[in-house]
Amino acid sequence: MTEPSNWLPLTPANVRAAHARIASHIHRTPVLTCRTLDRIASTPQDPADLVGTAWEGQTPARPRFRFFFKCENLQRIGAFKPRGAFHAVLRLLDERGKKRLGGGGLLRIVLALALAAATLSIPAYIVMPSISTPSKIASTQALGAKVVFSGSTSTEREAVTERIQAETGAIFVPPYDHPDIILGQGTVGLELEEQYAELKKGEKEHGEDNDDEEPVLDAVFTPIGGGGLNAGVATYFSSTTEEDNSSSSKKKKTKVFGAEPSFEGADDCRRGLAAGSRIETVSSKTIADGLRTPVGVNNWAVISDPSKVAGVYAVSDEQIKKAMRLVLERMKVVVEPSAVVGLAVCLFDEDFRRLVEKEGGEKGWDVGIVFSGGNTTVEAIASMFGSK
């Protein structure tokens, strides 16, 4: 990766620069709305559903939601990750040039690098657990990358990674914990903000919105696994630099939130924030398998800053399944479980719902939900929702 002396500061301006650098290599994924899900989320929960929870016996909240879904499930390879991968590789090429990368090429543990390497004609080694789905293995090999198998734990993957580096001289590209990755993932927030403004302009032209104020999302939710997506989006929506405060009229700031699964301690970020220190390991078999990773060090520095991330919430696997079913059946959109944790918070977490009720009032909140990916299979969906 780029040398620390060449790392770019995590600023909104550098997210915009990252977008300009990678725009020709990624899809500008659509932002969808769904009034049915707006209505469902804006309906108070049944008190019976709160029995056995921390909110049992309390009057259910009455928030009002309008959702704007950023569909990274329609990104290349079916997830947001090519944004960070392309930005990291292009930055590496800027720093060293293709010849100085040497014959070893690039090494990483995710499919996104295989795509970036193939596009830019660079050899790549992808370390994958031997239990990976056949379709994912085939997709990686089809991009021309050399797949090297490992065990399923992080320790086993790291051992194989170190061996390949020693044998080939390949440069390791981290999957999420690096400023170049964070800035690339932050381009999700840039596009979401622009597309939201376009949608609100269309509503006003059709007489569906009479608000004279400049449209600003009240909140954005992203899933948190390693934390690169959340840290990147929070970086984009931060307003701590001169460039963001240069206008005479200060616009409302979009709040950024994170969401995790709670099953078997997969909510390491939420628990770490409560304890005041980053949790370094996660061992969970939550159905949100893309979020079984502890938050990275660089990402933690952003996410633990309350001026950048307003809060992190956790939901159960059963709530994730309910949210996923709604997206599949009501929106007709295929997503993976990891993608819907933010929506699940809005549907089921009474603390967050009370926050929206209190701060949003009668008007409610416009909330961006990042659908981080759609990498699932017919068999996996059938297993989750098949007959019991």
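What you are looking at is a predicted structure, and each value in this text was computed from that prediction instead of being measured.

J.: Explain unusual backbone geometry to me, and be specific about the residues and the numbers.
T.: Unusually for a residue other than glycine, isoleucine 77 sits at a positive phi of about 60°. Backbone geometry at serine 121 places phi at a positive 60°, although glycine is not the residue there. Position of serine 121 relative to the elements: it lies in the loop between helix H4 (111-119) and strand S4 (124-129).

J.: Outline the layout of surface pockets, listing residues and values.
T.: Sizing a probe to match a water molecule and rolling it over the atoms shows the empty space that remains. Its volume calculated, the second largest pocket comes out at about 670 Å³. Around the second largest pocket, the lining is made up of 27 residues, and of these Arg66, Lys200, Glu203, Asp209 and Asp366 lie nearest the centre. Broken down by secondary-structure element, the contributors of at least two residues to the lining of the second largest pocket are helix H2 (35-41), strand S2 (65-71) and helix H8 (187-205). When residues of the lining of the second largest pocket are assigned to their parent elements, the largest contribution, six residues, is made by H8.

J.: So what about the packing of helix H1 (residues 12-22) against H8? Which residues, and what values?
T.: Contact geometry for H1 and H8: axes closest at 9 Å, N-to-C directions at 90°. Relative to H8, the element H1 lies roughly perpendicular. Mapping the contact onto sequence places Val15, Arg16, Ala18, His19 and Ile22 in H1 and Thr187, Leu190 and Glu191 in H8. Across the contact of H1 with H8, the residue classes break down as four nonpolar, two polar and two charged.

J.: Help me get a handle on the pattern of salt bridges, residues and values and all.
T.: With the rule as written, the count across this model stands at 17 salt bridges. The residue glutamate 194 makes a salt bridge to arginine 28 at a minimum N-O spacing of 3.1 Å. Highlighted residues: glutamate 194 in helix H8 and arginine 28 in the loop between H1 and strand S1 (31-32), separated in sequence by 166 residues. Taking the relative accessible area as the measure of exposure, arginine 28 reaches 38% and is therefore partly exposed. Note that aspartate 366 and arginine 66 form a salt bridge whose closest N and O atoms lie 2.4 Å from each other. Placement of aspartate 366 in strand S10 (residues 365-371) and of arginine 66 in strand S2 is noted, with a sequence separation of 300 residues between them. Given the relative accessible area of 4%, aspartate 366 is considered buried. Look at the salt bridges and you will find they share partners, linking Arg66, Lys200, Glu203 and Asp366 into a network.

How each quantity is defined
Residues numbered from 1 in each chain as written. Predicted model: local features only at pLDDT ≥ 70, side-chain atom pairs only at ≥ 80, totals over all residues. Heavy atoms only, no water. Helix = DSSP H or I, 4+ residues; strand = E, 2+ residues; numbered from the N terminus. 1 Å grid on protein atoms, 1.4 Å probe; cavity = no way out; pocket = protein on both sides within 12 Å on 5 of 7 lines; lining within 4 Å. Points joined across faces, edges and corners; volume = space filled by probe spheres on them. Axes fitted to C-alpha atoms, helices over the stretch in contact; angles between N-to-C directions. Parallel < 35°, antiparallel > 145°, perpendicular 65-115°, else oblique. Contact = heavy atoms within 4.5 Å. Nonpolar A, V, L, I, M, F, W, Y, C, P; charged D, E, K, R; others polar. Salt bridge = Lys/Arg side-chain N within 4 Å of Asp/Glu carboxyl O. Buried < 20%, exposed > 50% of the residue type's maximum accessible area, 1.4 Å probe, protein only.

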